[in-house]
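Below, each chain spelled out in residue letters.
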Amino acid sequence: MSQHELQDALNSWTEACRSKDVARIMSHYVEEVVSYDAVGPLRFQGRPAYQAHWQACMEMCSGPGMFEPHEPTFTAAGDLGVTHYLLHCGGTNDKGEMESCWMRVTQCLRRQGGRWLIFHEHFSAPCDMQSGKALFDLQP
């Protein structure tokens, strides 16, 4: 049952991201969320800081967004859950072209008020140690 609920939570979060509805995206996080995002500072602490980041990300691309979790894995025990997956994400640039890449995502959730909410999230991209550059062109 819990794994099915975690899948439903991921589906709802994914749809909010695709629609660029920042308020709906943020409804999936606890107030004291800590995030290690691939873009921006080393760490985001709290919903207000992370919401500002999500808003800025959604404004970077004017057209439709792409959020496609690939083979998510779910683990749940009691009121704690974890999901991890590769995410094909991107957006439409100012020329109307879709730009996308694959990211690695881990989300830690807890059941709160009858809902699964994200309390920690980690987005990352692998990097080339020689050049220090992110490897955005890798495929699963």
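So, here is what we can say about the structure in this document. None of the values given here were measured: they were computed from a predicted structure.

### Examining empty space enclosed by the protein
Taken as a whole and assessed by the stated rule, the structure comprises one cavity of 30 Å³ or more. Of the pockets and cavities examined, the largest cavity occupies roughly 60 Å³. Leu6, Ala9, Leu10, Trp13, His28, Thr83, Gln107, Leu109, Trp116 and Ile118 together form the lining of the largest cavity. Elements that contribute at least two residues to the lining of the largest cavity include exactly helix H1 (2-18), strand E5 (98-112) and strand E6 (115-124). Split by residue class, the lining of the largest cavity holds seven nonpolar, three polar and no charged.

### As for the side chain of His28
Note that His28 resides in the loop between helix H2 (22-26) and strand E1 (29-36). Side-chain polar atoms of His28 contact the side chain of Ser12, separated by 2.9 Å. For His28, the residues in contact, after removing those within four places along its chain, are Ala9, Ser12, Trp13, Ala16, Arg115, Leu117 and Ile118.

About the thresholds
- Each chain carries its own residue numbering, running from 1 in the direction its sequence is written.
- Totals for whole chains, interfaces and linings use every residue, but because this is a predicted model, local features are given only for residues with pLDDT of at least 70 and side-chain atom pairs only at 80 or more, for both listing and counting.
- Each side-chain value is derived from all of the structure's non-hydrogen atoms; neither hydrogens nor water enter the calculation.
- Two kinds of site are reported from a 1 Å grid over the protein atoms alone, namely cavities, where a 1.4 Å probe fits but cannot get out, and pockets, open sets with protein on both sides within 12 Å along at least five of seven lines, and residues are called lining when an atom falls within 4 Å of a point.
- Grid points are joined across faces, edges and corners, and a volume is the space filled by probe spheres set on the points.
- Counting from the N terminus, the helices are the DSSP runs of H or I reaching at least four residues and the strands are the DSSP runs of E reaching at least two.
- For this scheme, ten residues count as nonpolar: Ala, Val, Leu, Ile, Met, Phe, Trp, Tyr, Cys and Pro. Four count as charged, namely Asp, Glu, Lys and Arg, and the remainder, Gly too, count as polar.
- For the purposes of these results, a polar contact is taken to be a pair of N or O atoms within 3.5 Å, where, inside protein, one atom must be able to donate a hydrogen and its partner to accept one; residues adjacent in sequence count only when each atom of the pair is a side-chain atom.
- Here, two residues are considered to be in contact whenever any of their heavy atoms come within 4.5 Å of each other.

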